[in-house]
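If you want the building blocks of each chain, they are given just below.
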Amino acid sequence: EHHVGSNFIHDIIDKDNASGKYGQRVHTRFPPEPNGYLHIGHAKSICLNFGTALKYGGKCNLRFDDTNPSKEETEYVESIQDDVRWLGFDWEDRLFYASDYFGKLYDYAVQLIKAGHAYVCDLSADEMRQYRGTLTEPGKESPYRNRPVAENLDLFARMKNGEFPDGSRVLRAKIDMASPNLNLRDPVLYRIMRAHHHRTGDEWCIYPMYDYAHPLSDAYEGVTHSICTLEFEAHRPLYDWCLDVLGAFQPRPVQIEFARLNVTYTVMSKRKLRALVENGRVAGWDDPRMPTISGLRRRGYTPEAIRDFCGRIGVAKADSVVDYALLEHCVREDLSPKAPRLMAVLRPLKVVLTNYPEDKTEDLPAENNPENEALGARVMPFGRVLYIERDDFMENPPPKYFRLTPGGEVRLKNAYIIKCEEVVKDAAGDIVELRCTYDPETKSGSGSTRKVKGTVHWVSAACAVPAEVRLYDHLFPLEDPEAGDEDFLSRVNPDSLITLAAFVEPALGAANSGDRFQFIRHGYFHADPDSAPGKPVFNRIVGLKDSWAK
Ligand code: ATP
Ligand code: MG
Ligand code: MG
């Protein structure tokens, strides 16, 4: 399993291997900017980069693209490493930071200046924008473009030494102000910015731009195939230019673009996810409704399910939106054979079995997962007082309602057939209790042949454990939360979290944070880190009904 199916990128690698372009070396990297938590889109890139290295017996680096200090933090650096590891990938001893290369990148910039390929420009940001031209109009050359090399060297050194205010000067590549590709109209390579960097502190007051730092970092690390998302396609000539004019690192890496992942019912960029966190629309980056890796993990998704999802969506050149239901399908497929199936009553209704002796209890055997015998069996305590689901009783049922009704019968799973004899209501007219009788001849597994249409789950009141259950729905009620003019922040689904006081069978009371179960008829659940001994908290990962259209 390589976590990524064959794709056009592998075709390119196969060709390179056939021609011997890089020997037989395949070296990729995953280069997150540590300005937020990773999301499911990043998982696609992680599976692609690490999976490709695994497939070809190559290497994949984890490199923090930390050249933009104002938005970066150590918290993100740590969460990103946790997430990549949790997904099941290993960078071994190849953890790098673009900021480790600040010295080298500076030296390369000096080389570019000496070779006449870069100059210090004093235009303001506004003026630069005006000079750049448009798609239909060529740009105008900066009056500083033909500064002598010696003056450029002097000014660049003084930029570095902190002699000039922020934004007053930049270092620019000298390429072509008439290029049809705006990225080649003398792009900025360095800017002056007094910002504290999470690793280099206040050592630097000039910082390299992504388009300059990235190709050099790739090349320096020996990367062969630099895989990125489509929006960088028009930057590729600049990627190539940086490496070609320096002449080092031959054969240089190639940049290959693929379509980024979008998923229905959610937004997918760190900036937008951060806005949800900072505006208090969710509890944090790891809120189980978030499409972040940490949110999915807390919700209860497995790494296997996410890798399976990334394999199924494929790698293409054209943008598309993937149905959230596919992600849900993948976690159901993974958990169906793995998760023990137990009973939890989410909205309890008390049932008293009037003909069951007061002091009697029984331990009834129950299979843990009929799909997987290896998960064994357990016993469920049974007694006179039970809870069933409120929804499993109706006083005035519609036709074809096969659960409990006044005078009607239903089977308690793994137990007996019961009959509802009396409905007890409080002063407000709400149903508070059902008084039922049980048929001792109908014990499950006893060979009883009496059949009823409905089977419901239950827990014994004496032994049930109270549990908090959190039910989640899509964070946004719309497939495209950004359709139209309304701000996506205002569109958060107010019913996306429902908290219930449930009763679970004793075996679930002993759940440890991280355990996953199927609650029979309710879906798959994950014991949340908020759980305490004897006080479990369960997140619903996904319901049982699969809406993925195959
Ligand atoms: P965001 O817009 O969410 O901040 P980004 O591209 O700016 O995303 P980076 O930290 O630079 O975030 O991303 C690291 C790597 O993950 C990059 O190679 C990027 O192309 C890739 N990546 C980011 N988002 C997606 C996505 N939705 N689908 C696939 N790959 C992605
Ligand atoms: Mg980026
Ligand atoms: Mg970004």
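Residues numbered from 1 in each chain as written. Chains lettered and ligands numbered in written order. Predicted model: local features only at pLDDT ≥ 70, side-chain atom pairs only at ≥ 80, totals over all residues.

**Points about the packing of helix H11 (residues 303–313) against helix H12 (residues 324–338)**
Piece 1. Contact geometry of H11 with H12 gives a least axis separation of 8 Å together with a crossing angle of 130 degrees. Viewed along their axes, H11 and H12 adopt a mutual orientation that is oblique. Here H11 and H12 pass one another in a crossing that is right-handed. Of H12, the residues touching H11 (which contributes Glu304, Ala305, Asp308, Phe309 and Arg312) are Leu326, Leu327, Cys330, Val331 and Asp334.
Piece 2. When its residues are assigned to classes, the contact of H11 with H12 shows six nonpolar, no polar and four charged. (Axes fitted to C-alpha atoms, helices over the stretch in contact; angles between N-to-C directions. Helix = DSSP H or I, 4+ residues; strand = E, 2+ residues; numbered from the N terminus. Parallel < 35°, antiparallel > 145°, perpendicular 65-115°, else oblique. Left-handed = near helix turned anticlockwise from the far one by under 90°. Contact = placed C-beta atoms within 7 Å. Nonpolar A, V, L, I, M, F, W, Y, C, P; charged D, E, K, R; others polar.)

**With respect to the UniProt feature "short sequence motif: 'HIGH' region" (unreviewed entry) in the protein**
Piece 1. The UniProt record marks residues 32–42 with the feature "short sequence motif: 'HIGH' region" (unreviewed entry), using the residue numbering of this structure.
Piece 2. Split by type, residues 32–42 is 27% helix and 0% strand. Its first and last C-alpha atoms lie 8 Å apart. (UniProt positions renumbered as here; feature names shortened; annotations may be inferred.)

**Looking at the domain arrangement of the protein**
Piece 1. Taken as a whole, the protein is organised into domain 1 (8–261), domain 2 (344–461) and domain 3 (465–550).
Piece 2. Placing a centre on the C-alpha atoms of domain 2 and another on those of domain 3 gives a separation of 25 Å.
Piece 3. With twelve residues of domain 2 at the interface, the matching set in domain 3 holds 14 residues.
Piece 4. Broken down by secondary-structure element, the contributors of at least two residues to the side of domain 2 that touches domain 3 are strand E14 (344–345) and strand E17 (377–382). (Domains from an automatic or database assignment.)

**Description of the site of ligand 1**
Piece 1. Of all residues adjacent to ligand 1, which total 16 residues, the nearest are Gly41, Thr229, Arg260, Ser269 and Lys270.
Piece 2. Of all the elements, helix H2 (residues 40–55) adds the most residues to the shell around ligand 1, at four residues.
Piece 3. Looking at the shell around ligand 1 residue by residue, the class counts come to five nonpolar, five polar and six charged. (Near = placed C-beta within 6 Å.)

**Notes on unusual backbone geometry**
Piece 1. Of note, the bond from Gln250 into Pro251 is cis; its omega dihedral lies within 30 degrees of zero at -10 degrees.
Piece 2. Relative to the elements of secondary structure, Pro251 occurs in the loop between helix H8 (236–246) and strand E10 (254–258).
Piece 3. Even without being a glycine, Tyr265 presents a positive backbone phi close to 65 degrees.
Piece 4. Within the secondary structure layout, Tyr265 lies in the loop between strand E11 (261–263) and helix H9 (270–278).
Piece 5. For Tyr265, a count of 20 C-beta atoms within 10 Å puts it in the buried group.
Piece 6. The phi dihedral of Lys400 is positive, around 65 degrees, even though this residue is not glycine. (Buried ≥ 20, exposed ≤ 12 C-beta atoms within 10 Å, placed from the backbone.)

**Remarks on the sheet that holds strand E3 (residues 59–64)**
Piece 1. The strand order across the open sheet formed by three strands is E2-E3-E4, and the pairing between neighbours is parallel. At either margin of the open sheet sits one strand with a lone partner, and together these are strand E2 (27–30) and strand E4 (95–97). Strand-to-strand, the axes of this sheet are offset by a mean angle of 35 degrees, without reference to chain direction.
Piece 2. Bridge count between E2 and E3: four bridges; the pairing is parallel. By the bridge assignment for E3, Thr28 is matched with Cys60.
Piece 3. In the packing of H2 onto the sheet, contacts are made with E2 and E3, and the angle to E2 comes to roughly 155 degrees. (Pairing = 2+ DSSP bridges.)

**Structural notes on the environment of Arg450**
Piece 1. Tracing the backbone shows Arg450 in the loop between strand E21 (431–439) and strand E22 (455–456).
Piece 2. Placed 33 residues apart in sequence, Arg450 and Ile417 show a C-alpha to C-alpha distance of 8.7 Å.
Piece 3. Filtering out sequence-adjacent residues up to four positions away, Arg450 remains in contact with Ile417 and Thr442.

**Re the sheet that holds strand E19 (residues 409–412)**
Piece 1. The sheet built from seven strands is open, its strands ordered E22-E19-E20-E21-E15-E18-E23 with mixed pairing. Strand pairing shows two members of the sheet lacking a second neighbour, E22 and strand E23 (458–460), which therefore form its edges.
Piece 2. As judged from the eight bridges shared by strand E20 (residues 417–425) and E21, these two strands associate in the antiparallel manner. Counterpart to Val423 in the pairing with E21 is Leu434.

**Details of the pairing of E19**
Piece 1. By the bridge criterion, three bridges tie E19 to E20 in an arrangement that is antiparallel. Opposite Arg411, over in E20, you have Ile417 as the bridge partner.
Piece 2. Here E19 hands over to E20 after four residues, with Asn414 in that stretch at a positive phi of 65 degrees.
Piece 3. By the bridge criterion, two bridges tie E19 to E22 in an arrangement that is parallel. In the sheet register, Leu412 faces E22, and the bridge partner there is Val456.

**A few points about helix H6 (residues 149–160)**
Piece 1. With twelve residues, H6 extends 17 Å between its outermost C-alpha atoms, agreeing within 8% with the 16 Å of an ideal straight helix rising 1.5 Å per residue.
Piece 2. All of the buried residues along H6 are Asn152, Leu155, Phe156 and Met159. Buried residues of H6, viewed axially, fall in a sector of 100 degrees; they line one side.
Piece 3. Check the buried side of H6 and you find it contacts helix H4 (102–114), strand E5 (118–121), strand E6 (170–173), strand E7 (188–192) and strand E8 (206–208). (Expected span 1.5 Å × (residues − 1). Arc of directions from axis to C-beta.)

**Focus: the nonpolar core**
Piece 1. Counting residues in hydrophobic clusters, the biggest one holds 91 residues, and the most contacted among them are Val331, Ala344, Val345, Tyr387, Trp458 and Val459.
Piece 2. Per-element accounting of this core gives the leading share, seven residues, to H2.
Piece 3. Setting aside its immediate chain neighbours within four residues, Val345 contacts Tyr387, Ile388, Glu389, His457, Trp458, Val459, Ala502 and Phe503.
Piece 4. With 35 residues, the next largest nonpolar core counts Tyr119, Leu155, Val170 and Cys242 among its residues. (Core = buried A, V, L, I, M, F, W, Y, C linked by C-beta atoms within 7 Å.)

**Description of H8**
Piece 1. Listing the buried residues of H8 in full gives Leu238, Tyr239, Trp241, Cys242 and Leu243.
Piece 2. Residues of H8 that are buried in the fold lie against helix H7 (210–220) and E10.
Piece 3. The first or second residue beyond H8 is Gly247, which carries a positive phi of 70 degrees.

**Some remarks on the pairing of E21**
Piece 1. The pairing of strand E15 (residues 348–353) with E21 spans four bridges and is parallel. Residue pairing across strands places Lys350 opposite Glu433, the latter belonging to E21.
Piece 2. Between E20 and E21, which follow one another and run antiparallel, lie five residues, and Gly429 among them has a positive phi close to 90 degrees.

**Regarding the packing of H4 against H6**
Piece 1. Across the interface, H4 lies against H6 with an axial gap of 9 Å and an inter-helix angle of 160 degrees. When the interaxial angle is binned, H4 and H6 end up roughly antiparallel. Relative to H6, the crossing made by H4 is right-handed. Counting all contacts with H4, which are made through Tyr106, Ala109, Val110, Ile113 and Lys114, the residues of H6 involved are Val149, Asn152, Leu153, Phe156 and Lys160.

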